[in-house]
Amino acid sequence: MQQNIYDHPVFFSQYQALRDSDTGLNGALEQPALRGALPPLTGAEVLDLGCGFGDFARWARAQGAAGVTAVDLSERMLEQARARTQDQAIQYQCAAIEDFQPSAEAYDLAVSSLALHYVADYAAVAARVFAALKPGGVFALTVEHPICTASPRGWALDEAGRQAHWTLDGYFRQDARETRWFVDGVIKHHRTVESYVAGLLGAGFQLLHLGEPAPDERALARQQGLRPHARRPALLLLTARKPML
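Draft legend 1. Expanded view of a nonpolar patch on the surface. A cluster of nonpolar side chains, contributed by L201, L207 and L210, occupies part of the molecular surface with about 240 Å² of accessible area. Here L201 lies in helix α7 (residues 193-203).

Draft legend 2. The nonpolar core, seen in detail. If you look at the biggest cluster of nonpolar residues, it comprises 32 residues, and the most contacted ones within it are L116, V129, F139, L141, L200 and F205. Elements supplying a minimum of two residues to this core: β1 (45-49), β4 (107-113), α5 (122-132), β5 (133-144), α7 and β11 (235-241). Beyond its immediate chain neighbours, meaning those up to four positions away, L116 contacts I97, Y122, V125, F139, L141, V143, R191 and Y196. Within the second largest apolar cluster, 21 residues are counted, among which are F56, I90, V111 and A140.

Draft legend 3. Inspection of the environment of V129 at higher detail. With respect to the helices and strands, V129 occurs in helix α5. A residue is classified by how much of its surface remains accessible, and V129, at 3% relative accessible area, is buried. Measuring from C-alpha to C-alpha, the distance between V129 and V111 comes to 9.5 Å, with 18 residues separating the pair along the chain. Excluding residues that lie within four positions of it along the chain, V129 makes contacts with L49, A110, F139 and F205.

Draft legend 4. Just empty space enclosed by the protein, in detail. Tallying each qualifying case throughout the model produces one cavity of 30 Å³ or more. Taken as a whole, the largest cavity encloses approximately 50 Å³ of empty space. Here the element with the most residues in the lining of the largest cavity is α5; it accounts for three residues. For the lining of the largest cavity, the class distribution of residues is seven nonpolar, no polar and one charged.

Draft legend 5. Broad picture of unusual backbone geometry. A positive phi is found at E105, a non-glycine position, where the angle reads about 50°. Position of E105 among the secondary structure elements: in the loop between β3 (90-94) and β4. Backbone geometry places L114, a non-glycine residue, at a positive phi of 50°. Relative to the helices and strands, L114 resides in the loop between β4 and α5.

Draft legend 6. Just the packing of aromatic side chains, in detail. Scanning the entire structure with this criterion turns up six aromatic pairs. Their ring planes at 75° and their centres at 5.1 Å tell us that Y122 and Y196 sit as a pair that is edge-to-face. Here Y122 is found in helix α5, whereas its partner Y196 is found in helix α7, with 74 residues between them in sequence. Each member of the pair, Y122 as well as Y196, carries the same accessibility label: buried.

Draft legend 7. Quick look at the sheet that holds β3. Taken together, the seven strands give an open sheet; going across it, the order is β3-β2-β1-β4-β5-β11-β10, and neighbouring strands pair in mixed fashion. The open sheet has two free edges, formed respectively by β3 and β10 (206-211), since each of these has just one partner strand. Adjacent strand axes in the sheet meet at a mean angle of 15°, parallel and antiparallel pairs treated alike. As paired elements, β1 and strand β2 (residues 67-72) share five bridges and run parallel to each other. Residue pairing across strands places V46 opposite V68, the latter belonging to β2. α7 rests against β5, β10 and β11 of the sheet, and its axis sits at about 15° to β11.

Definitions and limits used
- Residues numbered from 1 in each chain as written.
- Predicted model: local features only at pLDDT ≥ 70, side-chain atom pairs only at ≥ 80, totals over all residues.
- Heavy atoms only, no water.
- Patch = residues over 30% accessible without salt bridge, like charges linked within 9 Å, V, L, I, M, F, W, Y side chains within 5 Å.
- Areas by Shrake-Rupley, 256 points an atom, 1.4 Å probe, with all protein chains shown as cover.
- Salt bridge = Lys/Arg side-chain N within 4 Å of Asp/Glu carboxyl O.
- Helix = DSSP H or I, 4+ residues; strand = E, 2+ residues; numbered from the N terminus.
- Core = buried A, V, L, I, M, F, W, Y, C linked by side-chain atoms within 4.5 Å.
- Buried < 20%, exposed > 50% of the residue type's maximum accessible area, 1.4 Å probe, protein only.
- Contact = heavy atoms within 4.5 Å.
- 1 Å grid on protein atoms, 1.4 Å probe; cavity = no way out; pocket = protein on both sides within 12 Å on 5 of 7 lines; lining within 4 Å.
- Points joined across faces, edges and corners; volume = space filled by probe spheres on them.
- Nonpolar A, V, L, I, M, F, W, Y, C, P; charged D, E, K, R; others polar.
- Phe/Tyr/Trp six-rings, centres within 6.5 Å; stacked < 30°, edge-to-face > 60°.
- Pairing = 2+ DSSP bridges.
- Axes fitted to C-alpha atoms, helices over the stretch in contact; angles between N-to-C directions.

Dropping the structure here:
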């Protein structure tokens, strides 16, 4: 059975409060970096894997996308997404990323925002996305950076309780790791940066960009809570293209 932590009532309520207040990494760092790495969306058919509240789907339509297929496992997330969306060109579907079977060569762009570290068989998803894209189509994804998924312990603190350094161990052991985020028992699948890239190349993609978004001084001035993310990478951003025939 696929993990569906976002339907846990405590987790969901706290995650929704985080996103709606826009105090997390998504609004401040991840979405600006992801959106800035995309090709023009005018007329594009878009696949959004792990769509959450539908924020990216609605943004894509505002940028001129012809239609968006938005997929998520969480019924609670999709209920909110549908309530916030008044657009028949966005089609929400409840399915696990691992199980969703998109049509062949149906999309110009596929996006997955901070979702694939919850997926055990990443290579299989990359292959399925490759088949779903038209020749020349782009796959853009963000995940929690492997430096973070490798180390659920996180920051080591000094005697005054300040963040002294980030702990890192077991980086090359690729497996499922349990951590606490709002609630206990959240499972994230750790893999290396090399494995994320290799999954794309093995599926047939051409790598376009590898990024590790970090907050700049302007962002730090606006949001002091971002300062730890200027000391170690929080995010990995990859974009890749399906070759033309």
